[in-house]
Amino acid sequence: MPKKSAKSAAKKTSGKKGSPMAEGEGYCVKCKEKRVMANVKQVKMANGRPALKGSCPVCGTGMFKILPPS
Ligand SMILES: [Zn+2]
């Protein structure tokens with residue numbers, strides 16, 4: 001069965017809105033989904049900002065998340 005027009009039909013998984021991103025969660029550009037990163041490491045960027053580095057547990061793509069300044 002061809003799923004063609006699954007565009008705006010997906011009103012997103014029946015969840016609560018505005019739930020904060022879980023710790024270590026990032027966006028995988030390959031899966032195009034939010035995932036909890038594997039092998040998360042906190043790193044510091046060149047400008048001193050903290051960031052999280054990890055990889056997608058599904059496809060292994062490297063993921064990066066900039067943390068908000070505290
Ligand atoms: Zn992925």
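Residues numbered from 1 in each chain as written. Predicted model: local features only at pLDDT ≥ 70, side-chain atom pairs only at ≥ 80, totals over all residues.

1. Regarding the overall build of the chain
Under the convention used in this document: Where helices and strands are cited, they refer to DSSP runs of H or I of at least four residues and of E of at least two residues respectively, numbered from the N terminus. Contact definition: two residues whose C-beta atoms, as placed from backbone geometry, lie within 7 Å.
Looking only at helices and strands, the chain has zero helices and five strands in total. Listing each helix as α and each strand as β along the chain from the N terminus yields β-β-β-β-β. Taking as baseline every contact in the chain between residues at least 6 positions apart, the subset at least 24 positions apart corresponds to 28%.

2. Let's talk about the pairing of strand β2 (residues 33-36)
Put simply, side chains in a regular strand alternate between the two faces of the sheet. Stated formally: Strand pairing is assigned whenever DSSP detects at least two bridges linking the two strands.
For strand β1 (residues 25-28) and β2, the ladder comprises four bridges, and the chain directions are antiparallel. Looking across to β2, one finds that glutamate 25 is bridged to valine 36.

3. Quick notes on unusual backbone geometry
What is expected of a backbone is that most residues other than glycine have negative phi and most peptide bonds are trans. To keep it simple, the criterion reads: Backbone-placed C-beta atoms define the burial measure: a residue is buried with 20 or more other C-beta atoms within 10 Å of its own, exposed with 12 or fewer, and partly exposed in between.
With a phi angle near 60 degrees, lysine 32 is a residue other than glycine that sits in the positive phi range. Note on placement: lysine 32 falls in the loop between β1 and β2. Looking at lysine 32, the number of C-beta atoms within 10 Å reads 7, which means it is exposed. Despite not being glycine, asparagine 39 has its phi angle at roughly 55 degrees, a positive value. In this structure, asparagine 39 sits in strand β3 (residues 38-44). By the C-beta count within 10 Å, which is 12 here, asparagine 39 ends up exposed.

4. Here's the deal with the sheet that holds strand β5 (residues 62-66)
Picture the strands of a sheet paired through backbone hydrogen bonds; they go either parallel or antiparallel. For clarity, the threshold we go by: Lines are fitted to the C-alpha atoms to define the axes, a helix being fitted only along its stretch in contact, and any angle between axes, read from their N-to-C directions, falls within 0 to 180 degrees.
Here three strands make up an open sheet; going across it, the order is β3-β4-β5 and the pairing antiparallel. Among the strands making up the open sheet, the edge pair consists of β3 and β5. For this sheet the average axis-to-axis angle between neighbouring strands, irrespective of direction, equals 20 degrees. The pairing of β3 with strand β4 (residues 50-55) spans five bridges and is antiparallel. Within β4, the residue paired with lysine 41 across the bridge is lysine 53.

5. A look at the environment of glycine 62
Inspection of the secondary structure assignment puts glycine 62 in strand β5. Remark: the alpha-carbon pair of glycine 62 and cysteine 28, spanning 34 residues in sequence, is separated by 7.9 Å.

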